[in-house]
Amino acid sequence: MRDPFRNPFSSSDADRHAIWQILVERDINAFLAADWSKVAGDFVEEGFIGIDGKRETSPDKWRLAFPSLDAYCNEWLRQAKDFARQSFAEDPRTAIFAMTTLEDIEIEGDMALARKKFDGSLKKSDGSVDILKWQTLYYCRWHDGRWKICGFTGYLPNPMG
């Protein structure tokens, strides 16, 4: 059984190890704290682009929801603050880590494609359940001496089709 808090990439695979730290550990912790400053340095602002797949398999339904990093930051903060106002019947950090996998990172030169998937649920205090079942393709670039996120195509169905 996998330890959801353990980076699946050894420190000897420094590039993939670092990308996992950005996209899983730092992202989840910052989201739960609703603190963008904890991840702001993990992005390349110039040329950033984010596509919202709307959990649709057809690219015809996808939208350029985040034409800038500011647009994405605003939505990220809105979602994080909304999440923080909710009450859960289980530890949300443990649940989110348990349902998150990032085990496939393709690297070509100074670019990387990372496939992050969510597959699980989160029990709320009122007895309802939030289903988290989507995936995101992150585009990362070696920038200013380290890996950073330069864009994504996200909120895709998991699995596709």
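Okay, so let's go over this structure. Given the structure is predicted, the values throughout are model-derived calculations rather than measurements.

Some details on the environment of Leu-122
Mapped onto the elements of the fold, Leu-122 is located in strand β4 (residues 111-123). Relative accessible area serves as the criterion here: at 0%, Leu-122 is assigned to the buried category. Those residues in contact with Leu-122 that sit more than four places away from it in its chain are Phe-83, Phe-88, Glu-90, Pro-92, Ala-95, Met-99, Ser-128, Val-129, Asp-130 and Leu-132.

Some details on the pairing of strand β5 (residues 129-143)
The pairing of β4 with β5 spans 13 bridges and is antiparallel. Looking at the pairing, Asp-119 lines up with Lys-133 of β5. In textbook terms, the turn of a hairpin is the stretch between consecutive antiparallel strands, and for β4 and β5 this stretch comprises 5 residues, one of which, Gly-127, has a positive phi near 95°. Across 9 bridges, the pairing between β5 and strand β6 (residues 146-157) is antiparallel. Looking at β6, one finds that Arg-141 is bridged to Lys-148. Between the antiparallel neighbours β5 and β6 lie 2 residues, among them Asp-144 with a positive phi of about 55°.

Regarding the layout of surface pockets
Where empty space is left can be seen by rolling a probe of water-molecule size over the atoms. In this structure, the largest pocket occupies an estimated 690 Å³ of space. Lining the largest pocket are 27 residues, with Phe-31, Gln-79, Leu-132, Trp-134 and Tyr-155 sitting closest to its centre. Mapped by element, the contributors of at least two residues to the lining of the largest pocket are α1 (14-33), α2 (69-84), β4, β5 and β6. Counting residues per element, the lining of the largest pocket draws most heavily on α2, at 7 residues. By residue class, the composition of the lining of the largest pocket is 14 nonpolar, 4 polar and 9 charged.

Considerations on the packing of α1 against helix α3 (residues 92-99)
At a minimum axis separation of 10 Å, α1 and α3 run at an interaxial angle of 155°. It follows from the interaxial angle that α1 and α3 lie roughly antiparallel. Read as a crossing pair, α1 and α3 show a hand that is right-handed. For the pair α1 and α3, the contacting residues are Trp-20, Val-24, Glu-25, Ile-28, Asn-29 and Leu-32 in the first and Pro-92, Arg-93, Ile-96 and Phe-97 in the second. Partitioning the contact of α1 with α3 into residue classes produces 7 nonpolar, 1 polar and 2 charged.

Notes on the environment of Asn-74
For Asn-74, the position within the fold is in helix α2. Once the C-alpha coordinates of Asn-74 and Trp-36 are considered, the two residues, 38 residues apart in sequence, prove to be 9.4 Å apart.

A word on empty space enclosed by the protein
A complete count under the given rule lists 1 cavity of 30 Å³ or more for this structure. Here the largest cavity defines a volume of roughly 50 Å³. The wall of the largest cavity is formed by Ile-22, Leu-23, Asp-27, Val-39, Asp-42, Phe-43, Tyr-72, Tyr-138 and Ile-149. Broken down by element, the residue count for the lining of the largest cavity peaks at 3 residues, all from α1.

Parameters at a glance
- Residues numbered from 1 in each chain as written.
- Predicted model: local features only at pLDDT ≥ 70, side-chain atom pairs only at ≥ 80, totals over all residues.
- Heavy atoms only, no water.
- Helix = DSSP H or I, 4+ residues; strand = E, 2+ residues; numbered from the N terminus.
- Buried < 20%, exposed > 50% of the residue type's maximum accessible area, 1.4 Å probe, protein only.
- Contact = heavy atoms within 4.5 Å.
- Pairing = 2+ DSSP bridges.
- 1 Å grid on protein atoms, 1.4 Å probe; cavity = no way out; pocket = protein on both sides within 12 Å on 5 of 7 lines; lining within 4 Å.
- Points joined across faces, edges and corners; volume = space filled by probe spheres on them.
- Nonpolar A, V, L, I, M, F, W, Y, C, P; charged D, E, K, R; others polar.
- Axes fitted to C-alpha atoms, helices over the stretch in contact; angles between N-to-C directions.
- Parallel < 35°, antiparallel > 145°, perpendicular 65-115°, else oblique.
- Left-handed = near helix turned anticlockwise from the far one by under 90°.

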